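An overview of the molecular structure
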Amino acid sequence: WNGGNRWKGLAEPTLAPGEPVMLHYAINRPVGAVRGEGDLGPVLIWLKRYKEWLEGRVRLNYYKSLFYWEVRVPDLAVANARQKYAQPPSAGSLLIHGPEEEWRAVQPHIGADDAAEDGKALRMMVAAGVGMPPHFLGDPEGATQATAKQANIPTYRHLLHRQRQFTTMLGDMMAVAVMRAQQAGHLGGPPIRTGEDLQLRWAVTDLNRE
């Protein structure tokens, strides 16, 4: 909407020569669909799950590191020991006591198995969703230079295709701007309808070191 008014497309019958126009370009559009999907669309849920998993592991490790002191003394010395140790000793303190006093650190027994494979599976889902090998995301996973080079090929092909889509979109926008200027009488020359009519040439950045 444009200031409360609907933006018009090129196919709008009531579109005036000097009126603003809206152009839409779809990316990752399934066959038969009207709209596309952003590159991060497939991985947003997995990024959220990976974030929650990391937070859960941090919280779990925090609780596993907690402990409290259990001090055993004879029954007659309980009241005195409770008053004596009302303030727990700080780390590195030296405690001297007789054989009738026993200290023991009690920790929570949280059965948390090694979650390395879980984290790897979540990272692989993110990498697959964005169409990049794990080492592109800083996760080598034991890949050698030869295997990494082979894994790069589909990614570079996808990025090259995306570059071409973007330059095609720019060319189309330029063609529409020239066409609209001609319709409004601000520009002469041969009629322009598509980006190919402008005979544009593009120089894009190389995607890899080669």
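In the block above lies the structure referred to throughout.
Here the structure is a predicted model, which is why all the values come from computation and not from measurement.

Some points on a nonpolar patch on the surface
Nonpolar side chains collect at one region of the surface, where L40, L44 and L47 lie side by side and expose about 270 Å² of accessible area between them. Relative to the helices and strands, L44 resides in helix α1 (residues 44–65).

Things to note about the pattern of salt bridges
All chains considered together, the criterion is met by six salt bridges. Ionic pairing is found between R162 and D39, a salt bridge with its closest N-O pair at 2.6 Å. Placement of the pair is R162 in helix α4 (residues 145–183) and D39 in the segment before α1, with a sequence separation of 123 residues. Here E55 ties to K51 by a salt bridge, and the two come within 3.0 Å at their closest N and O atoms. Pair noted here: E55 and K51 are both in helix α1, with a separation of four residues, about one helical turn. Given a relative accessible area of 36%, E55 falls into the partly exposed group.

A look at the environment of V43
In this structure, V43 sits in the segment before α1. Each C-alpha atom, one on V43 and one on M173, is 30 Å from the other, the two residues being 130 residues apart in sequence. When neighbours within four sequence positions are excluded, V43 is seen to be in contact with M125, V126, G129 and V130.

Conventions used here
Residues numbered from 1 in each chain as written. Predicted model: local features only at pLDDT ≥ 70, side-chain atom pairs only at ≥ 80, totals over all residues. Heavy atoms only, no water. Patch = residues over 30% accessible without salt bridge, like charges linked within 9 Å, V, L, I, M, F, W, Y side chains within 5 Å. Areas by Shrake-Rupley, 256 points an atom, 1.4 Å probe, with all protein chains shown as cover. Salt bridge = Lys/Arg side-chain N within 4 Å of Asp/Glu carboxyl O. Helix = DSSP H or I, 4+ residues; strand = E, 2+ residues; numbered from the N terminus. Buried < 20%, exposed > 50% of the residue type's maximum accessible area, 1.4 Å probe, protein only. Contact = heavy atoms within 4.5 Å.

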